[in-house]
Amino acid sequence: ISSSGQSENMLIAANKAKSMGVGVITLTGFFSDNPLKKEGAINLWVDSDKYNIVEMTHHIWLLSIVDYIIENN
């Protein structure tokens, strides 16, 4: 998760995960060609350059994923 998709620690983590054979899902915003989005097998991208919109959208998506997991287990 990185609003800008440029957070160095997230890029390092994504590359490490990929080198270990772990799939990467990214949640980003701002520019559609951001560096972190390029590392993901699945990318949830918010078309906004406003931090609050990107972060709140990520929050809603993550809560929806957790709800889905809870309801289907």
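As shown above, the structure is provided for reference.
These numbers were taken from a predicted model, which means no experiment stands behind them. (Residues numbered from 1 in each chain as written. Predicted model: local features only at pLDDT ≥ 70, side-chain atom pairs only at ≥ 80, totals over all residues. Heavy atoms only, no water.)

A. Looking closely at helix α1 (residues 8–19). The end-to-end C-alpha distance of α1 is 17 Å, a good match for the 16 Å that twelve residues give at a rise of 1.5 Å each. Along α1, the residues that are buried comprise Leu 11, Ala 14 and Ala 17. Looking down the long axis of α1, one finds its buried residues gathered within 130° of arc, a one-sided arrangement. Of the exposed residues in α1, those oriented more than 90 degrees away from the buried face are Glu 8, Asn 9, Ile 12, Lys 16 and Ser 19. (Helix = DSSP H or I, 4+ residues; strand = E, 2+ residues; numbered from the N terminus. Expected span 1.5 Å × (residues − 1). Buried < 20%, exposed > 50% of the residue type's maximum accessible area, 1.4 Å probe, protein only. Arc of directions from axis to C-beta.)

B. Broad picture of the side chain of Ser 4. On the secondary structure map, Ser 4 appears in the segment before α1. A distance of 3.1 Å separates the side chain of Ser 4 from the backbone nitrogen of Gln 6, its partner in a polar contact. (Polar contact = N/O pair within 3.5 Å; in protein donor to acceptor, adjacent residues only side chain to side chain.)

C. Broad picture of the nonpolar core. Counting residues in hydrophobic clusters, the biggest one holds five residues: Leu 11, Ala 14, Ala 17, Val 24 and Leu 36. With near-sequence residues (within four places) excluded, Val 24 lies in contact with Ala 14, Ala 17, Lys 18, Glu 39, Gly 40, Ala 41 and Ile 42. (Core = buried A, V, L, I, M, F, W, Y, C linked by side-chain atoms within 4.5 Å. Contact = heavy atoms within 4.5 Å.)

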